[in-house]
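# A look at the structure
Letter by letter, the chains look like this.
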Amino acid sequence: MIRLALWVLGAFLLGGIVHLATVLVLPRMATQDAYARVSAMAPVNSVTPLPGPTPEKALMPFMDPAFQVSVCRYDLSRGPLKFSVPISQAYTSVSFYTRSDVPYYAINDRAAGRRVIELDLMTGAQRAALPENEEITAADRLIVTSPTTAGLIMIRALAPEAGWVPTVRTALAAAQCRPQ
Amino acid sequence: MLGLAIAAMAGLGATWISLTRGSAYGGVTIGAWTGWPKNGTPGIDPYARAMVARTGELPVGSGDGVAFYARTDDAGQPLDGRCDVLLSGTTPQARFWTITLYDPEGRLVANSAQRQGFTSQEIVRNGDGSFDIMVGPRVRPGNWLPTGGVDKYVLVLRLYDTPIGMASRTGSEAPMPSVTKRACL
């Protein structure tokens, strides 16, 4: 009797390990995550406008239909990237995601405080390799460090009313994302 | 053998349940609304990460805003697209906000008015700055958010450029619109 109870207890402990292992491994195994969905349509290191969500079709679930979205799928293995987007009249934000869809940085137009959101994106190693003096002249340039070599930059601009869509699209179309 | 079978079933079962039931840890609940501001940071917990990988969505980054989800009304009843539901009140401080209606899988819902949500700028407000939105299957004057008659839906209130994500501890004091069920078809 006790032996059976021990077996069952052991089984549940093992079950707990299986559970934790699957939860931790799933993000690496996912084939339909946001990065994979975006990769299917966005070439690397360039800005691609994404289609807005409609009831029939949406690239990702829970997209905000009030926003126009462009994406830069980046790969820093050949060096840092320069990114810039002019802000639109209402609200513009730039969000950074790792290769496994973890948001690690986001900035909006007000935080950027200029007409253009401009920044350099690099890995930790590339940042450490920056020459000292360049680090000083870079004081007023925003440097974002990516925890992974690849990832996504989502550029979102709000069209507060339907009539704003063309202007917002124009601002987004001027976004740039290219190797230095 | 029995032991291994139990282990596999319990483990995978627990994973499946925790990833599909959709209530990760660390949520801030205000009335019918729950948000996970931490999911917009690198501190996102492993369950939320796994859930995001499974559904394919991208969480709103914390420097951008925070999203609150309502799947029930204030009384805890699931939101039913065949009923009228009144959203009333104000939102926490934010430069812009949007409210959007999705089916439980996060797809927009088709309807004859082709309206899936409102932005803070589109909404018609009362004299004191508060607003009323009628969510329901039938055409309404004022702010009408059509449900298309689906049986279940989710409302998502997204606050952009807001201080609320940072101070998630004080979230319970933030004003959120009430969600009240009215007549059903």
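For clarity, every value in this text was computed on a predicted model and none was experimentally measured.

### A closer look at the overall build of chain B
When you go through chain B residue by residue, the secondary structure sums to two helices and ten strands. Beginning at the N terminus, the succession of helices and strands in chain B can be written as α-β-β-α-β-β-β-β-β-β-β-β. Taking the principal axes of its C-alpha atoms as reference, chain B extends roughly 65 × 40 × 25 Å. For chain B, with 185 residues in total, the buried portion stands at 42%. If you take every contact in chain B between residues at least 6 apart in sequence, the share linking residues at least 24 apart comes to 70%.

### Focus on the interface of chain B and chain A
Contacts between the two partners involve 49 residues from chain B, matched on the other side by 51 residues from chain A. Going through the elements one at a time, α1 (2-20), α2 (46-55), β5 (96-102), β6 (117-119) and β9 (154-160) of chain B are the ones with two or more residues in the side of chain B that touches chain A. Here the element with the most residues in the side of chain B that touches chain A is α1(B); it accounts for nine residues.

### Some words on the sheet that holds β5(B)
Residue and element names in this part refer to chain B. Pairing in this open sheet of six strands is antiparallel, and the strands run β1-β2-β3-β9-β5-β6 from one edge to the other. At either margin of the open sheet sits one strand with a lone partner, and together these are β1 (28-30) and β6. Each strand of the sheet is rotated relative to its neighbour by a mean of 20 degrees, with strand direction disregarded. Note: strand β2 (residues 33-35) against strand β3 (residues 65-70), two bridges, orientation antiparallel. In the sheet register, G35 faces β3, and the bridge partner there is F68.

### Some details on the sheet that holds strand β4 (residues 91-98) of chain A
Strand pairing in a sheet takes place through backbone hydrogen bonds and is either antiparallel or parallel in direction. Residues and elements named next belong to chain A. Here we have five strands laid out as an open sheet, ordered β1-β2-β8-β4-β5, and antiparallel in their pairing. Across the chains shown, the open sheet's two edge strands, defined by having one partner strand only, are β1 (47-50) and β5 (103-108). Going from strand to strand, the sheet's axes swing by 20 degrees on average, the running direction of each strand aside. Relative to strand β2 (residues 67-75), β1 is paired through four bridges, and the arrangement is antiparallel. Of the residues in β2, the one forming a bridge with T48 is V71. Sitting on the sheet, helix α6 (residues 165-173) is in contact with β1, β2 and β8 (150-158), with an inclination near 15 degrees to β2.

### Section: the confidence of the model for chain B
The predicted model of chain B averages 88 in pLDDT, with 92% of residues at 70 or higher. Here α1(B) stands out as the element of chain B with the lowest mean pLDDT, 76, in contrast to β5(B), whose mean of 97 is the highest.

### Some words on unusual backbone geometry
Residue and element names in this part refer to chain B. Even without a glycine there, the phi angle at Q114 is positive, about 50 degrees. Structurally, Q114 can be placed in the loop between β5 and β6. You will see that D161, though not glycine, has its phi angle at about 55 degrees, which is positive. Checked against the element boundaries, D161 lands in the loop between β9 and β10 (178-184). D161 sits in the partly exposed class, given 18 other C-beta atoms within 10 Å.

Conventions used here
- Residues numbered from 1 in each chain as written.
- Chains lettered and ligands numbered in written order.
- Predicted model: local features only at pLDDT ≥ 70, side-chain atom pairs only at ≥ 80, totals over all residues.
- Helix = DSSP H or I, 4+ residues; strand = E, 2+ residues; numbered from the N terminus.
- Buried ≥ 20, exposed ≤ 12 C-beta atoms within 10 Å, placed from the backbone.
- Contact = placed C-beta atoms within 7 Å.
- Pairing = 2+ DSSP bridges.
- Axes fitted to C-alpha atoms, helices over the stretch in contact; angles between N-to-C directions.
- pLDDT = per-residue confidence, 0-100.

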